[in-house]
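Below, each chain spelled out in residue letters.
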2 protein chains.
Amino acid sequence: MVRRSGRRPGNQDTRTSILEAARASFAEKGYDKASIRGIAGDAGVDPALVHHYFGNKEKLFLAVMNAPINPGELIPQALSGPRDQAGERLIRLALTVWDSPAGAAALAVFRSALSNEWTARLLREFVVTQILRRAAGEIIDDPAEAPMRTALVATQIAGTMVARYVLRVEPLASAEPEVLVAAIGPNIQRFLTEPLPEVFKQP
Amino acid sequence: MVRRSGRRPGNQDTRTSILEAARASFAEKGYDKASIRGIAGDAGVDPALVHHYFGNKEKLFLAVMNAPINPGELIPQALSGPRDQAGERLIRLALTVWDSPAGAAALAVFRSALSNEWTARLLREFVVTQILRRAAGEIIDDPAEAPMRTALVATQIAGTMVARYVLRVEPLASAEPEVLVAAIGPNIQRFLTEPLPEVFKQP
């Protein structure tokens, strides 16, 4: 076989086939249970080719979602550093991404999750379980509390996105990011590290 | 004219005409600028008939939105009572409505606002400006701070709805309401009544 130079449409087809198989597999099985091997089988290619094109499952998922950023890198970065300002850094990161040119695409993924069950499931599994919880596990004292604390953080982050970018409630929608960091950061910090005795009391 | 007994389809037509005119008028002008008089004119009926069928503008709006509850009555009730527990009462009210049979309809209005600009605008104007801000004005010391404080409350309430009912993030989605009242109430209370110096510093 003679290899032609320049654009290779065959590769583009393979890439598209993998993305389609991945989308279907994530939709059917969820993020946790979908596998590179299974997706490769569905696309009729070798798993090595999936790794070649997309790296790992996390990056394949981000490609399926057309994600403009990789929260798996950005969120752990934001949570590292002084523990008592982690809440501020987390909301600052969210506002920085959403106010940036990548914000429109991030918002599109989020809007899709609000109206589409499979996107909702993936956003839930991927962002909350895979990233936020894993990263927050490093600054939450009791690992048993991490799932609830992280879910509470998600309420405040998602709600800021809804109020600022979707409902566009003023004066919040036009506020300077650092005003919102000062307003919202301490509330996220409470969810992350402050005592919540009533929440974790045994039933 | 002989008045027939039993169902009067003409009335149903009139009611529908008014609702359609109201929907168009709210969409075009927003909640504040739409008027009973203008809507009646568009529907070709006397304003008195609009009052007869729907009461006031607030109730006409709720009918257009198919709202299962009247937040204009429930929110002020929740905010009355001991000032330092207003945050808890507000999130308890939200959870009570959403967990009730009326919750599905309330969620439908909210989902619609997330994907539809006119519903978003109306939800923003009606719930935040008309109700929450007016009611919160009674427990927020400085009226100049009420708009931002209320918008911040909206972030936490909207985010709880998104995480619990739309994304269904566990363990939050299955948590007992009172667990969430204990977790989230104090954060809403901070937005309502605690000092937020950096937020309101003059630029």
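Residues numbered from 1 in each chain as written. Chains lettered and ligands numbered in written order. Predicted model: local features only at pLDDT ≥ 70, side-chain atom pairs only at ≥ 80, totals over all residues. Heavy atoms only, no water.

Taken as rigid bodies, chain B and chain A are interconverted by a rotation of 180 degrees and an axial shift of 0.0 Å, the fit giving an RMSD of 0.1 Å. Interpreted geometrically, this transformation is the action of a two-fold axis. Residue G159 of chain B of chain B places its C-alpha closer to the rotation axis than any other residue of that unit, at 1.7 Å. Of all interface residues in chain B, 100% are interface residues in chain A too; the two copies therefore contact each other through one and the same surface. (Least-squares fit on C-alpha atoms with pLDDT ≥ 70 in both. Contact = heavy atoms within 4.5 Å.)

In this section: the domain arrangement of chain A. Residue and element names in this part refer to chain A. What the domain assignment lists for chain A is domain 1 (12–65) and domain 2 (71–201). Centre-to-centre separation of domain 1 and domain 2, based on C-alpha positions: 27 Å. If you look at the interface, domain 1 gives 13 residues, while domain 2 gives eleven residues. At the boundary of domain 1 with domain 2, total buried surface from both sides reaches about 1,200 Å², with 67% on carbon and sulfur atoms. Contact with domain 2 buries surface across domain 1, with Y31, E58 and M65 losing the most and accounting together for 43% of the total. Across the contact surface, domain 1 and domain 2 share zero salt bridges. The tally of links from domain 1 across to domain 2 stands at three residue pairs in polar contact (both at pLDDT 80 or more). Taken together, the elements giving at least two residues each to the side of domain 1 that touches domain 2 come down to α1 (9–33) and α4 (57–64). When residues of the side of domain 1 that touches domain 2 are assigned to their parent elements, the largest contribution, eight residues, is made by α1. Each residue belonging to the side of domain 1 that touches domain 2 can be placed in one class, and the counts come to seven nonpolar, one polar and five charged. (Domains from an automatic or database assignment. Buried area = accessible area lost by both parts, 1.4 Å probe. Salt bridge = Lys/Arg side-chain N within 4 Å of Asp/Glu carboxyl O. Polar contact = N/O pair within 3.5 Å; in protein donor to acceptor, adjacent residues only side chain to side chain. Helix = DSSP H or I, 4+ residues; strand = E, 2+ residues; numbered from the N terminus. Nonpolar A, V, L, I, M, F, W, Y, C, P; charged D, E, K, R; others polar.)

A few words on the confidence of the model for chain A. Residues and elements named next belong to chain A. With 94% of its residues at a pLDDT of at least 70, chain A reaches an overall mean of 86. Counting interchain partners and residues more than four positions distant, the pLDDT-below-50 stretch residues 1–9 has one contact. Predicted complex metrics record ipTM = 0.81 and pTM = 0.82. (pLDDT = per-residue confidence, 0-100.)

On to the nonpolar core. In this structure, F26 of chain A together with F26 of chain B are the most contacted members of the largest nonpolar core, which totals 146 residues. Residues contacting F26 of chain B, with those up to four places away along its chain left out, are Y31, A34, I39, K57, L60, F61, V64, W118 and L122 of chain B. (Core = buried A, V, L, I, M, F, W, Y, C linked by side-chain atoms within 4.5 Å. Buried < 20%, exposed > 50% of the residue type's maximum accessible area, 1.4 Å probe, protein only.)

In this section: the packing of aromatic side chains. Residues and elements named next belong to chain A. Under the counting rule described, the total for this entry stands at 14 aromatic pairs over all chains. Ring plane angle 10 degrees and centroid distance 5.8 Å describe the contact between F26 and Y31, whose orientation is recorded as stacked. A residue is classified by how much of its surface remains accessible, and F26, at 0% relative accessible area, is buried. Between W98 and Y165, the ring centres sit 5.6 Å apart and the planes meet at 75 degrees, which makes this aromatic pair edge-to-face. Of the two residues, W98 is situated in helix α6 (residues 86–99) and Y165 in helix α9 (residues 146–166); the sequence distance between them amounts to 67 residues. (Phe/Tyr/Trp six-rings, centres within 6.5 Å; stacked < 30°, edge-to-face > 60°.)

In this section: the UniProt feature "DNA-binding region" (unreviewed entry) in chain A. UniProt tags residues 35–54 of chain A as "DNA-binding region" (unreviewed entry). Regarding residues 35–54 of chain A, the helix share stands at 80% and the strand share at 0%, and the terminal C-alpha atoms are separated by 13 Å. (UniProt positions renumbered as here; feature names shortened; annotations may be inferred.)

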